[in-house]
Amino acid sequence: MGFLDILLGRTKAVAPDLDQLFGLPSAALTLQAAAGFTPTGTGAVCFASVEGGAFAQAHQEVQELLDADAERTGPPVEVSRDEYGYSWLVSRREPDDLPALVSDLHAVNSALEGRGFGPQLLCSVAGFQDTGQRRLGLVYLYKRGTFYPFAPLAGEAQRRDNALELQVKAALADDLRIEQDLSRWFPIWGAPGL
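Keep in mind it's a predicted model, so treat the numbers as computed, not measured.

A few words now on the overall build of the protein chain. A tally of regular secondary structure across the protein chain gives five helices and six strands. Per-residue burial over the protein chain gives 43% buried out of 194 residues. Restricting the contact set of the protein chain to residue pairs at least 6 apart, pairs at least 24 apart contribute 64%. Per element, the accessible surface of the protein chain, about 9,900 Å² overall, is 54% carbon and sulfur.

As structure tokens, this is what we get:
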């Protein structure tokens, strides 16, 4: 970053660091102790679909890679599309097997990035819930290399539990690289598993 960048308030873009995803299992322990949330076993990677054979082939290879996992006991990896036109590759594991789920999320991101589709990657999310059935997602922003909590409230209206999100932010500050710019805590309505 140069002198003019400092004067003009420009910042250098943060490079994605997919290894940050491997911090989720230890953060899950902190989250359970601090707020009573446990993993649901569902995680997803969101990306902007691109037309063309190369992207379709990369997408198919990623799905086949995850479906070929001999230790997978749940359903195969699913692909869904939300109302905004974004695609989600959804993986389901046993709730107590968060490390395997994190490996799935990392593999999807790495494979798409390795094939040159990094700019299409938007975020990854791992689902959690508490005994009162409140839902929470820990969202990894690919382009920022940071996490933020997303806590949708139950019901029809698209509302979120901001107090819970801030509580989780404080609880996980030592476990994950938390996104400090709250304006980047985008709602991911309709995300699979939330």
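Read on for the rest.
Tracing the backbone through its elements, the reader meets Ser110 in helix H4 (residues 98-114). Classification of Ser110 by relative accessible area gives partly exposed; the value is 26%. Remark: the alpha-carbon pair of Ser110 and Val62, spanning 48 residues in sequence, is separated by 9.6 Å.

Now for the confidence of the model for the protein chain. Here the protein chain averages 85 in pLDDT, while 87% of its residues score no lower than 70. The lowest-confidence element of the protein chain is helix H1 (residues 3-8), averaging 54 in pLDDT; the highest-confidence one is strand S6 (residues 146-150), averaging 97.

With that out of the way, let us pick up helix H3 (residues 53-67). Over its 15 residues, H3 runs 21 Å from end to end, which matches the ideal 21 Å to within 8%, given 1.5 Å per residue. Burial in H3 covers these residues: Phe55, Ala58, His59, Val62, Gln63 and Leu66. What you see down the axis of H3 is that its buried residues fit within an arc of 135°, all on one side. Relative to its buried face, H3 has exposed residues pointing more than 90 degrees away, namely Gly53 and Ala54. On its buried side, H3 packs onto strand S1 (38-47), strand S2 (78-81), strand S3 (87-92) and H4.

A word on the pattern of salt bridges. A full pass over the atoms with the stated rule returns eight salt bridges. Of the charged contacts, one joins Glu78 and Arg92 as a salt bridge, the two residues approaching to 2.9 Å between their closest N and O atoms. Highlighted residues: Glu78 in strand S2 and Arg92 in strand S3, separated in sequence by 14 residues. The class of Glu78 is partly exposed, set by a relative accessible area of 29%. A relative accessible area of 28% places Arg92 in the partly exposed class. Where Arg160 meets Glu165, a salt bridge forms, and the shortest distance between an N and an O atom there is 3.0 Å. The pair Arg160 / Glu165 is uniform in exposure class, with both members buried.

What counts, and where the lines are drawn
- Residues numbered from 1 in each chain as written.
- Predicted model: local features only at pLDDT ≥ 70, side-chain atom pairs only at ≥ 80, totals over all residues.
- Heavy atoms only, no water.
- Helix = DSSP H or I, 4+ residues; strand = E, 2+ residues; numbered from the N terminus.
- Buried < 20%, exposed > 50% of the residue type's maximum accessible area, 1.4 Å probe, protein only.
- Contact = heavy atoms within 4.5 Å.
- Areas by Shrake-Rupley, 256 points an atom, 1.4 Å probe, with all protein chains shown as cover.
- pLDDT = per-residue confidence, 0-100.
- Expected span 1.5 Å × (residues − 1).
- Arc of directions from axis to C-beta.
- Salt bridge = Lys/Arg side-chain N within 4 Å of Asp/Glu carboxyl O.

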